[in-house]
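Single-letter residue listing:
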Amino acid sequence: MATTASETPARPGAADAGHVDILIIGAGLSGIGAAHYARERFGDRSLLILEARDHQGGTWWTHRYPGVRSDSDLFTYGYRFKPWRGPAIATGPEILSYLDEVISEDGLEAYIRYLHRVTSATWSTADRRWTMEVTRTDTGERLRFTTGFLWICPGYYNHDRPYQPRWKGLDRYQGVLIHPQRWPEGLDVTGKRIIVIGSGATAATLIPAIAPDAAHVTMLQRSPSYFFAPPRQNELAVTLRSLDTPEEWTHEILRRSYIAQSDQLVKTAFEAPEALHAFFIESIRPQLPDGFDIDKHFTPRYRPWQQRIGVVPEGDFFAVLRSGQASIVTDTIETFTETGIEVSSGEEIPADIIVTATGFNMSLFGDIAFIVDGEPVDFTERVTWRGVMISGVPNMAYVFGYLRYSWTLRLEIVCDLVAGLLRQMEDTGATMVTPSLRPADAGMERRPFCDPENFSSGYIMRSQDILFKQGDQEPWTHMLEYHEERETLPNADLDDGSLVYN
C-alpha cells in the first residue's frame, strides 16, 4: 500500500512556514488575477502567493528587450475589474505599471513571497492538504508550506531556459549572441550590424525598436508569419475619453468591441481561411516597399491563426523596411561563421550582434514535481478536466489562457469556475475534490495536448511529449475558443460525476 504524505518524513532541514487555505503559485497576470478573485469571494480564507522571481509581472518582468509589448489589446488583456486607461496596444513597462496598481489597490503585496521557488508539491489524502517544498533563491533557505487548495498560475513557458537551436558552427561566431529573454541591460546597438533570427512577434517588435540606431538589421526567417497593423490608439476610446465618459464605461465598451472583432477573426479563420489569408496579405501590401517580394517573405505556409498573428501597431515594422534600415532574408541557416551567418543560398550575412528570437520552451506547472499519496504524478498519463484541473489530482486548479483570444479572458472565466467549485465544496462539506474518469469515459480516446491542425506553433509542438492529454468528449477537452467557453464554463455541471467530492 502506498504511503501518504503524513507518513513520509518531511525533508530534513526544511523549516515549517505555515498553512494557508489557498496557495497561488506565480505573481504574473494570472496569479494576480486569481488572488484578486480569491480575496473578493473568499475573504475569510487565508491566502498566499509564491513567486520564484524577485518581482511581480511574470513575462513582463522577464522580457525587457527594446520595444517589448503586448500583441493583445489591453481592453481584453487587462482585467474586467480594472479599467485600462492607456493605448490599446501597450508596452511591457506600461503593463507592469498596471499590475503594480492592481497589487496596490487590492493590498496584495502582503500576500506575495518573492524569490520562493516551489520544487515539489505532495498531496496527502489523510491530511487533506498539499505540502509544498520551497527554496529561497536568495538565501538557499528551504521552507515547507501547506495548503488546502493549490492554484497553479506560473504561465506556460520556462523563464530560465529559452529555446535556442544548436546551429552548425555556432561556437565559431565571435560577435555578441543573445536571446531576447536574456537581453543584457545597457546593450549599445548604435552603429552595429544586427541579425535577428525569427519571424514571430518578438522579432517584429524588436526590429523597429533597434533599427533606427543600428547600422542595419536583417530579419533572418526560415518561413514567414502573418502580420496585422492596427492603430496604437483606438479612435473610439479617444472619442469616449474626450467626452469625459467614465473609465469603467469606456473599458467595458471597448472590451466588448474587441471581443466582437476577435470573434469575427477566429470564426473566419475556421470558416473562410482563404478570405482571411487574403485580408492579411492585402492589408500589409501598401505598407511595404515597391516591388517587395510578398510571396517569398510574407506568405505563410499555414492557415491564418494556426499560429499566432504578429501585431505591429501603426505598421512600425514595415516602416523600417521601407526606410532601408531593416531587410528580410528568407532562407535556412547553413552555418554560423566567425563574423555572421551563411545561409543555404551561399550568401553570408555579416553581424556584430545576433539575436536568436527563436521562441521559448514550455514549462508544465512551473516544473514542479507532483506526488499524490506517495505516487509521483506522470502528467503525460493524465487528462485535463475542462482545461482547469487534472484527472486524479485533488484540490488543484491551473490557469492556461487562450491562444487566439486574450489570455485574460480565459483567466477570468476560470476564476469564476474555481470560485463555483470552492463554493460547491463548502456547501456540501467536502474537503477534497478530484477529477475522475467515469465508467462511461473508460474507453475514451486520449488525444495530444494540442492537435497541430488546430494550432501548430513550435513551442507547443516541441513540448507535446511532456504535457498532459485531452479526451474526445466533455468535460475532458480543452483548447476551445472564448466564443464557445463563455457559454459552457459558466454553466459547467459540477455534479455530473466527473468530480468526486469527499
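Residues numbered from 1 in each chain as written. Predicted model: local features only at pLDDT ≥ 70, side-chain atom pairs only at ≥ 80, totals over all residues. Heavy atoms only, no water.

Chemist: Could you clarify how one ought to interpret unusual backbone geometry in this entry?
Modeler: If a residue is not glycine, its phi is most likely negative; likewise, a peptide bond is most likely trans. In this structure, the amide linkage connecting E474 to the following residue, P475, adopts the cis form with an omega of 0°. Inspection of the secondary structure assignment puts P475 in the loop between α12 (458-461) and α13 (482-488). Although it is not a glycine, L115 adopts a positive phi angle of roughly 60°. Among the secondary structure elements, L115 is positioned in the loop between β3 (112-113) and β4 (116-124). The backbone of D373 sits at a positive phi, close to 50°, despite the residue not being glycine. Secondary-structure assignment places D373 in the loop between β17 (369-372) and β18 (375-376). (Helix = DSSP H or I, 4+ residues; strand = E, 2+ residues; numbered from the N terminus.)

Chemist: It is not clear to me how the layout of surface pockets should be interpreted in this structure. Could you clarify?
Modeler: Sizing a probe to match a water molecule and rolling it over the atoms shows the empty space that remains. Within this model, the second largest pocket holds a volume of roughly 530 Å³. Lining the second largest pocket are 25 residues, with F228, Y258, Q261, S262 and L265 positioned closest to its centre. Mapped by element, the contributors of at least two residues to the lining of the second largest pocket are α7 (247-271) and α8 (273-284). If you tally residues by element for the lining of the second largest pocket, the top one is α7, at five residues. Residue composition of the lining of the second largest pocket, grouped by class: 14 nonpolar, seven polar and four charged. (1 Å grid on protein atoms, 1.4 Å probe; cavity = no way out; pocket = protein on both sides within 12 Å on 5 of 7 lines; lining within 4 Å. Points joined across faces, edges and corners; volume = space filled by probe spheres on them. Nonpolar A, V, L, I, M, F, W, Y, C, P; charged D, E, K, R; others polar.)

Chemist: What am I meant to see in the sheet that holds strand β9 (residues 216-221) here?
Modeler: Each strand in a sheet pairs with its neighbour through backbone hydrogen bonds, running either in the same direction (parallel) or in the opposite one (antiparallel). Strand order across the open sheet formed by five strands is β7-β16-β8-β9-β12, with parallel pairing between neighbours. Looking at strand neighbours, the two that pair on one side only are β7 (176-178) and β12 (326-330), the edges of this open sheet. Each adjacent strand pair in this sheet contributes to an overall mean axis angle of 20°, direction not counted. Here strand β8 (residues 193-197) runs beside β9; their pairing, made up of five bridges, is parallel. Residue pairing for β9: R193 is matched across the bridge by H216. Across the sheet, helix α5 (residues 201-210) touches β8, β9, β12 and β16 (353-356), and the angle it forms with β8 is around 165°. Here helix α10 (residues 316-323) sits on the sheet in contact with β9 and β12, set at roughly 95° to β12. (Pairing = 2+ DSSP bridges. Axes fitted to C-alpha atoms, helices over the stretch in contact; angles between N-to-C directions. Contact = heavy atoms within 4.5 Å.)

Chemist: Sorry, what's going on with empty space enclosed by the protein here?
Modeler: By the definition in use, this model includes five cavities of 30 Å³ or more. As a volume, the largest cavity reaches approximately 150 Å³. Lining the largest cavity are 15 residues, and of these F400, G401, Y402, M479 and L480 lie nearest its centre. A class-by-class count of the residues in the lining of the largest cavity yields seven nonpolar, four polar and four charged. Approximately 110 Å³ is the volume found for the second largest cavity. Around the second largest cavity, the lining comprises 14 residues; the ones closest to its centre are G155, Y156, L364, F365 and F400.

Chemist: Sorry, what's going on with the pattern of salt bridges here?
Modeler: Opposite charge on two side chains permits them to pair, given that their charged atoms come into close proximity. Applying the stated rule across the entire model yields 28 salt bridges. Between R117 and D160 there is a salt bridge; the shortest N-O distance is 3.3 Å. Here D160 lies in the loop between β6 (142-152) and β7 and R117 lies in strand β4, a separation of 43 residues in the sequence. Among the ionic pairs, R193 bridges to D352, the shortest N-O distance being 3.1 Å. Note that R193 is positioned in strand β8 and D352 in the loop between β15 (348-350) and β16, a separation of 159 residues in sequence. One continuous salt-bridge network, built from bridges that share partners, spans E40, R41, R80 and D416. (Salt bridge = Lys/Arg side-chain N within 4 Å of Asp/Glu carboxyl O.)

Chemist: It is not clear to me how the nonpolar core should be interpreted in this structure. Could you clarify?
Modeler: Within soluble globular proteins, side chains that are nonpolar generally end up buried alongside one another. By size, the foremost hydrophobic cluster in this structure holds 149 residues, and its most contacted members are F317, F370 and M396. Non-local contacts of M396, meaning those with residues more than four positions away in its chain, are made with W130, F149, L150, I152, F365, F370, F379, V388, M389 and I390. Listed in part, the 13 residues of the second largest apolar core include V329, V343, I349 and A351. (Core = buried A, V, L, I, M, F, W, Y, C linked by side-chain atoms within 4.5 Å. Buried < 20%, exposed > 50% of the residue type's maximum accessible area, 1.4 Å probe, protein only.)

Chemist: Before we go on, may I ask you to explain the sheet that holds strand β14 (residues 340-343) in this structure?
Modeler: On the basis of which strands lie adjacent, the open sheet formed by three strands has the order β13-β14-β15 and antiparallel pairing. The sheet is open, and its two borders are formed by β13 (333-336) and β15, each paired with just one other strand. Sheet twist, expressed as the average angle between the axes of neighbouring strands with direction ignored, equals 25°. Across three bridges, β14 lies against β15 in antiparallel orientation. Its bridge partner being in β15, I341 is matched across the sheet by I349.

Don't take any of this as a statement about function, it's just geometry.
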